[in-house]
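Here's the letter readout for the chains.
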Amino acid sequence: MTAPSPGPFAAAFPPEAVRRVACVGAGVIGGGWAAHFLARGYDVTAWDPAPDAERKLRRLVDAAWPALEQLGLAEGASRGRLTVVPELRDAVADAEFVQESAPEKLELKRSLLAELDAAAPPGAVIASSTSGYPMTDMQGEATDPGRLLVGHPFNPPYLIPLVEVVGGESTDPGAVAWASRFYEVAGKSVITMDRELPGFIANRLQEALWREALHMVANGEASVRDIDASITEGPGLRWAFMGPCLTFALAGGEGGMAHMLDHFGPSLKSPWTRLEAPELDAPLRDAMVEGCEEAAAGRSIAQLVAERDQGVIDVLRATGRLPQGSGGHKDRGDATAEGEST
Ligand SMILES: NC(=O)C1=CN([C@@H]2O[C@H](COP(=O)(O)OP(=O)(O)OC[C@H]3O[C@@H](n4cnc5c(N)ncnc54)[C@H](O)[C@@H]3O)[C@@H](O)[C@H]2O)C=CC1
Ligand SMILES: C[N+](C)(C)CC(=O)CC(=O)[O-]
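Numbering of residues begins from 1 in every chain and follows the order in which that chain's sequence is written. To read the labels, note that chains go from A and ligands from 1, taken in the order they are written. Selection of residues for local features in this predicted model requires a pLDDT of at least 70, selection of side-chain atom pairs for listing and counting requires 80 or more, and totals for whole chains, interfaces and linings are taken over all residues. With hydrogens and water excluded, all non-hydrogen atoms of the structure serve as input to the side-chain values.

### Some thoughts on the overall build of the protein
Strands are runs of DSSP state E lasting at least 2 residues, helices are runs of H or I lasting at least 4, and numbering of each runs from the N terminus. Regarding its fold elements, the protein presents 13 helices and 8 strands. A radius of gyration in this sense is built from C-alpha atoms; the matching globule rule multiplies 2.2 Å by the number of residues raised to 0.38. On C-alpha atoms alone, the protein measures out to a radius of gyration of 21 Å, which is about the 20 Å that the 2.2 N^0.38 rule sets for 342 residues. Overall, the C-alpha framework of the protein stretches about 55 × 50 × 45 Å when taken along its three principal axes. With a 1.4 Å probe rolled over the protein chains alone, any residue whose accessible area is under 20% of its type maximum counts as buried; one over 50% counts as exposed, and the rest are partly exposed. For the protein, the residues scored as buried account for 41% of the 342 residues in total. Any pair of residues with heavy atoms lying within 4.5 Å of one another is described as a contacting pair. Taking as baseline every contact in the protein between residues at least 6 positions apart, the subset at least 24 positions apart corresponds to 73%. Each accessible area is a Shrake-Rupley result for a 1.4 Å probe, and residues are judged covered by the shown protein chains and nothing else. Carbon and sulfur atoms form 57% of the exposed surface of the protein, whose accessible area is close to 17700 Å². Charge counting treats Lys and Arg as positive and Asp and Glu as negative, with His and both chain ends excluded. A single reference atom marks each charge: NZ on Lys, CZ on Arg, CG on Asp, CD on Glu. Separation of charge centres in the protein, based on 30 positive and 48 negative side chains, amounts to 3 Å.

What follows is the structure in structure tokens.
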């Protein structure tokens, strides 16, 4: 199907003036986004078709709140600013920004994004949390595909700063620029991509590692516990503050990346990087589930979430990257005044 031609994106207001955000889909990621936006002082309206969605969402936000308090809440931030509504159109009718976090099913996303486009106010950007679908494949049924784009978060969105922003073929570049600025104002660390790549940047990298991990488990070559330790006790410590490229530049000593490539570059031709994704069959699924249960060593998911949240906060603190939480709302207020006066 050919996408309708987009009109030029005309934002209804500057990114700094946004006050009301809609979260559509309120599971792990939609709930995490809701917690993040609440902590930043926004009004959040959520919609999710599951019968017990509101209870689960409020439980997720409550569980996240102590971590968010440690980071520093924005002025006026409150869990009382969360509203859960029974109708999708009511969630987005007054939204100034929409974050879609529905299940990762292409057809569902295509029709949901068209529905959101029909119900959201003109000039409001609609972002999908998809972890891999290109927006080009999802925006075809919308009347105004120019305002649809990907805003790919990392779990949990209330603690991991990164959002990858990328439009599709019919997305207006103005909407991409608007969304990148909005996420920054909302306290995120943004990578704006100028083209669609399968898996964006971070998931492309993560999937390469994940594919190799699954092969090692499938072949009985390494346990889940050893695979996890190989990262947390090894490269993961470096990656929290220095990416894989600069880290490897240091592997070249005084000679930096040039010596590193001359010395170790030929090993890139070794067969270890040539595997296709393994078949995710029942034995591999079972081995992964059992391996993770063993690695969890009796800790519940809720305990692991709390442990992860504290770990991320400690790393952010240790590397001097605690967000400017306490100033968030005030900053947005100041910027709003600026935006309104122009
Ligand atoms: N789980 C993760 O680590 C990450 C997931 N994502 C992306 O976020 C999105 C959501 O994933 P999760 O939160 O993990 O899934 P989830 O299964 O935890 O939550 C999905 C929610 O969507 C609701 N839902 C079902 N049908 C819906 C519809 N038609 N409209 C709106 N909501 C609907 C479900 O009731 C559920 O609460 C996916 O696109 C996924 O790829 C992105 C980054 C990380
Ligand atoms: C597992 N996942 C592919 C959905 C993960 C992501 O998309 C990002 C993350 O949180 O690592």
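### Some words on the site of ligand 1
Summary of the distance rule: residues count as near a molecule or strand when at least one heavy atom falls within 4 Å of that molecule or strand. Close to ligand 1 lie 22 residues, the nearest being I29, D48, E104, K109 and S131. The contact in question runs from an oxygen atom of ligand 1 to an N or O atom on the backbone of V28, over 3.0 Å. One nitrogen or oxygen atom from the side chain of K109 is found 2.6 Å from an oxygen atom belonging to ligand 1. For ligand 1, whose free accessible area comes to 830 Å², the fraction covered by protein is 72%. Put simply, the parts of the chain that give the shell around ligand 1 at least two residues each are α1 (28-39) and α4 (106-119). As a working rule, the residues Ala, Val, Leu, Ile, Met, Phe, Trp, Tyr, Cys and Pro are called nonpolar, Asp, Glu, Lys and Arg charged, and the rest polar, with Gly in that last group. Split by residue class, the shell around ligand 1 holds 11 nonpolar, 8 polar and 3 charged. Pairing of N or O atoms within 3.5 Å defines a polar contact, subject to two protein rules: one partner must be a possible hydrogen donor and the other a possible acceptor, and residues neighboring in sequence count only if both atoms are side-chain atoms.

### Let's talk about α1
Over its 12 residues, α1 runs 17 Å from end to end, which matches the ideal 16 Å to within 8%, given 1.5 Å per residue. Within α1, 10 of the 12 residues are buried, which leaves it mostly tucked inside the rest of the structure. Within α1 the residues assigned to the buried category are G30, G31, G32, W33, A34, A35, H36, F37, L38 and A39. At the C-terminal side of α1, G41 shows a positive phi close to 90 degrees. Take the residue count of a helix, subtract one, and multiply by 1.5 Å to get its expected span.

### Notes on a nonpolar patch on the surface
Note that patches include only residues with greater than 30% relative accessible area and no salt bridge, and the join distances are 9 Å for like charges and 5 Å for nonpolar side chains (Val, Leu, Ile, Met, Phe, Trp, Tyr). Whenever a carboxyl oxygen of Asp or Glu lies within 4 Å of a side-chain nitrogen of Lys or Arg, that contact is scored as a salt bridge. Together, I191, I201 and L205 make up a nonpolar patch on the protein surface, roughly 250 Å² of accessible area in all. The exposure class assigned to I201 is partly exposed, which follows from its relative accessible area of 35%.

### Observations regarding the site of ligand 2
Looking at ligand 2, the residues that line it are S131, H152, P153, F154, N155, N203, Q206 and E207. Separating an oxygen atom of ligand 2 from a side-chain N or O atom of N203 is a distance of 2.8 Å. Within the complex, the protein chains bury 58% of what would otherwise be the 320 Å² of accessible surface of ligand 2. For the shell around ligand 2, the element with the most residues is helix α6 (residues 202-218), which contributes 3 residues. The residue makeup of the shell around ligand 2, split by class, is 2 nonpolar, 5 polar and 1 charged.

### Remarks on the domain arrangement of the protein
Taken domain by domain, the protein consists of domain 1 (15-192) and domain 2 (234-318). Between domain 1 and domain 2, the contact holds 9 residues from the first and 8 residues from the second. The buried area of a pairing is the accessible area, by a 1.4 Å probe, that goes missing from both parts when the two are put together, added over both. Of all residues in domain 1, the largest losses of buried area upon contact with domain 2 belong to Q70, L71 and L159, amounting jointly to 55% of the total for that side. Taken together, the connections running from domain 1 to domain 2 amount to 0 salt bridges. When grouped by side-chain class, the residues that make up the side of domain 1 that touches domain 2 number 7 nonpolar, 2 polar and no charged. Domain delimitation follows an automatic or database domain assignment.

### Regarding the sheet that holds strand β2 (residues 43-47)
Across the sheet, which stays open at both edges, the 8 strands sit in the order β3-β2-β1-β4-β5-β6-β7-β8 with mixed pairing between neighbours. The two strands at the open ends of the sheet, each matched to only one other strand, are β3 (82-84) and β8 (189-192). Going across the sheet, the axis of each strand differs from the next one's by a mean of 25 degrees, ignoring polarity. Here the axes come from fitting lines to C-alpha atoms, over the contacting stretch only for helices, and the angles between their N-to-C directions go from 0 to 180 degrees. Those strands touched by helix α2 (residues 53-71) are β2 and β3, and its axis lies near 165 degrees from that of β3. Here a strand pair is declared whenever DSSP counts at least two bridges between the two strands.

### Some remarks on the UniProt feature "domain: 3-hydroxyacyl-CoA dehydrogenase C-terminal" (unreviewed entry) in the protein
UniProt positions are given in the numbering used here, feature names are shortened, and annotations may be inferred rather than shown by experiment. According to UniProt, the "domain: 3-hydroxyacyl-CoA dehydrogenase C-terminal" (unreviewed entry) feature falls on residues 199-267. Annotated as residues 199-267, this span is 68% helix and 0% strand, and its ends, taken at the C-alpha atoms, are 26 Å apart.

### Looking at the packing of α6 against helix α11 (residues 282-296)
Axis separation between α6 and α11 bottoms out at 9 Å; the angle between their running directions is 100 degrees. Relative to α11, α6 is oriented roughly perpendicular. Of the residues in α11, those touching α6 at W210, L214, V217 and A218 are L284, A287 and M288. An angle below 35 degrees is treated as roughly parallel, one above 145 as roughly antiparallel, one from 65 to 115 as roughly perpendicular, and anything else as oblique.

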